[in-house]
Amino acid sequence: LDYDQIRAVRVRFGVVTKIDKVGRDRVAEQLVAVSAFLGAYLAGSGDLSRFSSPGTEFTAVTPAPYVNVNVVELRSDVVPSKTPADGDTVKVLATVSLLSPLEQQLTSTYTLTLTARASRWEVSAIDLAPQATSEKKSATPAPSPSGTGN
């Protein structure tokens, strides 16, 4: 794993956070799950169910459109805990380099939800778009009087 390529991102603020080696090791566990899942999903390399949460019904793309899948960047909404508890979730945005059978190089992004189970990360959802959240409550502004009424 190239630890210099791993960054944690707080999606709700859009701020890239530098993480220490311990944080990198935690993200590396996510990177392994995402790499293996996308490799099985897009290139037919491996058993897709091995990296999927129970109850999911992912089906690999067939025929496999790519011969190689390489995760070049992984962003997550939180830095995972040292030992994730069963049911912990994290949203990740994976930027991947794809190689087609005709040796065309492509770049794509995949937004996934990972769920922890038995001290490992598994893909529990393929999300349609990154899920941004805001800590500010949306409120409709109330009109305020601007004159004396005369």
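Residues numbered from 1 in each chain as written. Predicted model: local features only at pLDDT ≥ 70, side-chain atom pairs only at ≥ 80, totals over all residues. Heavy atoms only, no water.

Undergrad: Sorry, what's going on with the pattern of salt bridges here?
TA: Oppositely charged side chains can form a pair if their charged atoms are brought close together. Enumeration over the complete set of coordinates arrives at four salt bridges. Across the pair Glu-73 and Arg-75 runs a salt bridge, and its minimum N-O distance is 2.9 Å. Accessibility expressed as a relative area gives 18% for Glu-73, which makes it buried. A salt bridge links Glu-122 to Arg-117, with the shortest nitrogen-to-oxygen separation between them at 2.7 Å. (Salt bridge = Lys/Arg side-chain N within 4 Å of Asp/Glu carboxyl O. Buried < 20%, exposed > 50% of the residue type's maximum accessible area, 1.4 Å probe, protein only.)

Undergrad: Looking at this structure, how should I read the packing of aromatic side chains?
TA: Using the criterion set out here, one finds two aromatic pairs in the structure. Look at Phe-37 and Tyr-41: their rings are 5.7 Å apart centre to centre, the planes differ by 10°, and that puts the pair in the stacked class. With Phe-37 and Tyr-41 both in helix α1 (residues 21-43), this residue pair falls four residues apart, about one helical turn. As far as the burial class goes, Phe-37 and Tyr-41 line up, both buried. Summarising the aromatic geometry, the rings of Phe-37 and Phe-58 are spaced 5.2 Å apart at their centres and angled 75° between planes, so their arrangement reads as edge-to-face. Separated by 21 residues along the polypeptide, Phe-37 in helix α1 and Phe-58 in the loop between α1 and β3 (68-76) bring together distant segments of the chain. Here Phe-37 falls in the buried class, since its relative accessible area comes to 0%. For Phe-58, a relative accessible area of 23% gives the class partly exposed. Each member of the aromatic cluster is reached from another via a ring pair, and the members are Phe-37, Tyr-41 and Phe-58. (Phe/Tyr/Trp six-rings, centres within 6.5 Å; stacked < 30°, edge-to-face > 60°. Helix = DSSP H or I, 4+ residues; strand = E, 2+ residues; numbered from the N terminus.)

Undergrad: What am I meant to see in the nonpolar core here?
TA: The nonpolar side chains of a soluble globular protein tend to be buried with one another. Formed by 28 residues in total, the largest nonpolar core has its most connected members in Val-34, Phe-37, Leu-38, Leu-42, Leu-74 and Val-96. Looking at which element gives the most residues to this core, the answer is α1, with eleven residues. Here Leu-42 is in contact with Val-61, Ala-64, Pro-65, Tyr-66, Val-69, Leu-98 and Tyr-110, once residues within four sequence places are set aside. (Core = buried A, V, L, I, M, F, W, Y, C linked by side-chain atoms within 4.5 Å. Contact = heavy atoms within 4.5 Å.)

Undergrad: Hey, could you run me through unusual backbone geometry in this one?
TA: Where the residue is not glycine, phi is negative for most of them; where a peptide bond is considered, it is trans in most cases. Residue Pro-63 is bonded to the preceding Thr-62 through a cis peptide linkage, with omega at -10°. Within the fold, Pro-63 resides in the loop between α1 and β3. Despite not being glycine, Ala-118 has its phi angle at roughly 55°, a positive value. By secondary structure assignment, the location of Ala-118 is in the loop between β5 (105-117) and β6 (120-127). Residue classification places Ala-118 among the exposed positions, given a relative accessible area of 58%. Look at Ser-119: it is not a glycine, yet its phi comes out positive at around 65°. Among the structural elements, Ser-119 can be located in the loop between β5 and β6.

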